[in-house]
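Each chain is listed here by its residues.
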Amino acid sequence: MTPAITVQELRKSYRFSRRRRGALGALAGLFHPDIVDLEAVAGVSFDIAAGERVAIIGPNGAGKSTTLKMLCGVLEPSGGDAKVLGHTPWRERRALAYEIGVVFGQRTQLWTELPVRDSFALLRRIYDQESAAFARRRDDLVERFGVAGLLEQPVARLSLGQRMRCEIVASLLHAPRLLFLDEPTIGLDVTAKAAIRDFIREQSANEGQTVLLTSHDTRDIELVCERVIVINAGRIVLDQPTDQLRRRFIARKLVTLRSQSPTLTLEMPGVSRRPSEPHTTVLDIDTRETRIEAVVAAALALGGIDDVTVEDPPMEEVIHEIYAVLHK
Amino acid sequence: MRSTPSFTSERTADLAAMAAAYRAGLASALAAWPVLLGRAIFYGVCLMVLVSFWDKVAAARLPGTLATRLPPGGLGVYIGVTEWITLSIPAVQLRLEDDIRSGALEPHLLRPKPYLAQMLAGEAGAMSARLAMLGAAGLALLIVTGRAMPAPFALVSAGVLGVVGATMGLLLYTLVGLTAFWLRRVLPVLLIMQKLIFILGGLFAPISLYPGWLHTLAAASPFAAHLGFAGQAVLAPSLEGFEQALAAQTVWLVVLGGAAALIWRAGLTKLLKTGI
């Protein structure tokens, strides 16, 4: 397949003056600044084929957002090269903008004081879309994402889940060939997360859009992406299909049980207990050895269970585990 | 699905997008009509307080005071015009500061239309709604309080110079906002700008009343073109004065617009290198 994105030895370093302690230190820093170089991205290389859905993951400060920003064109690299849909992003930002859609989970790209319909209309002008074709695509996306009832509401009055659906529609209105998603499900409840993941996966499958996603939620990666690139300390530490990653590293779940008795004892293979408060038991489960249903059933059979929650381990732990396995 | 350049030139498309942003800004300001109404009430209260103060000073006719050199009641209308402009300008510097500091600017940079032009067009739309609302409130106050209505030519010329002056104000505050690329917080620059507008712009008193050297300095600055010229049009209306004021405002619009474009470009270059 033709690569949608080609990245070769991409690097980004920042130079800044480190502040010294105290007033005298600050004064001394004016005359003899303590210059520090920070390498945020230390030479990453990868290709992403057209139509591929790829996740870039890593702990905070790993360099994934910096990489994404360079590929979008809002940050110039210190070295290396990248081509996104044939464009060098930081030199051809405007030309590239017509061909990419971007969703930042923590930032809105809609006009909060305007009704959703008016925001979409403004985007038609911004992306120079022909009126009739735009209306057809908008109506199709509005129906597919179930936002017809939200069109007349000001964006500021939408719930986070509703807003995210509108954000994704907005990012797709100009029929981009590539979608950048930065934490698209952050802050959403379970139902809204599931809906957003389904929408993104189906949309990409239907239209052959390339998707590049960053997330701290392992479910985003498992359910949307077919390939995962793990970045840490500015370097790629792993690049493999999601299935393989799941089998090797995302096989763990955390089950939290709230019980009437202060402690619970549950001995099962692949189940270990984490330190927790009285009346709360946190179990770390290796699903390759024991299925979640079996653990929950065994816990309920003990009686006196008030609440059960099942979660994925935090991304930091997954990365830590990847590191542990890779450095064995 | 994107239109090709043969269908419409890039420049025309940019202007069409700006016009759409202007309409959106106007529509959202009108939709928030209680806010507009509140602003009009605030404008009215400000005028009542300031005008009654200056009326007292004028009535005293104290020898040597500025008030003895003004037409009777003229300062009230002058204040009405300068406050009309001042209160109509959106706080564009705060929006720029927020977008630059918080990183909210990044999604806008990923669009094919220039952020600054789009943002200013939207704010100009909101400003138009305010100019219309406060203008109507000012005229209503004139009628209700029974003050002498300025001649139609004076009103029209003050209106034209006021709209251009408000646009200049939008650009002046844009320059303040753009300093956020380097300073992060724009308050220190804003305070300096506000003081300059207060003195040199004629918000404090008509610049025609200043001593010779200060009058010359103020008249040559963009601040008088922003506020004082429109106020002067009701104090001493003349076709010649109007033409000269409009010509000076046009020059300043070009200069300020160019400065904003240059500073934006420099700020963007920094941002693309260092990130937010």
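Quick notes on the rules
- Residues numbered from 1 in each chain as written.
- Chains lettered and ligands numbered in written order.
- Predicted model: local features only at pLDDT ≥ 70, side-chain atom pairs only at ≥ 80, totals over all residues.
- Helix = DSSP H or I, 4+ residues; strand = E, 2+ residues; numbered from the N terminus.
- Buried ≥ 20, exposed ≤ 12 C-beta atoms within 10 Å, placed from the backbone.
- Axes fitted to C-alpha atoms, helices over the stretch in contact; angles between N-to-C directions.
- Parallel < 35°, antiparallel > 145°, perpendicular 65-115°, else oblique.
- Left-handed = near helix turned anticlockwise from the far one by under 90°.
- Contact = placed C-beta atoms within 7 Å.
- Nonpolar A, V, L, I, M, F, W, Y, C, P; charged D, E, K, R; others polar.
- Pairing = 2+ DSSP bridges.

(A) Representation of the overall build of chain A within the structure. Helix and strand content of chain A: 11 helices and 13 strands. In terms of overall dimensions, chain A has a C-alpha envelope of 65 × 60 × 45 Å along the principal axes. Relative to its 328 residues, chain A shows a buried fraction of 41%.

(B) How the structure looks around the packing of helix α7 (residues 152–178) of chain B against helix α11 (residues 222–235) of chain B. Residues and elements named next belong to chain B. It is the contact of α7 with α11, at a shortest axis distance of 8 Å, that shows an interaxial angle of 165°. Of the possible angle classes, the one that applies to α7 and α11 is roughly antiparallel. For the pair α7 and α11, the crossing hand works out as left-handed. Facing A154, S157, A158, L161, G162, G165, M168, G169 and L172 of α7, the residues of α11 in contact are P222, A225, H226, L227, F229, A230, A233 and V234. Of the residues contributing to the contact of α7 with α11, the split by class is 12 nonpolar, 5 polar and no charged.

(C) Summary view of the sheet that holds strand β7 (residues 210–214) of chain A. Residue and element names in this part refer to chain A. Spatial ordering of the open sheet is given by β5-β6-β7-β3-β8-β9, a layout of 6 strands whose pairing is mixed. The open sheet has two free edges, formed respectively by β5 (100–104) and β9 (235–241), since each of these has just one partner strand. Pairwise comparison of adjacent strand axes, ignoring direction, gives a mean angle of 15° for this sheet. Note: β5 against strand β6 (residues 178–182), 5 bridges, orientation parallel. Among the inter-strand pairings, G101 is bridged to a residue of β6, identified as L179.

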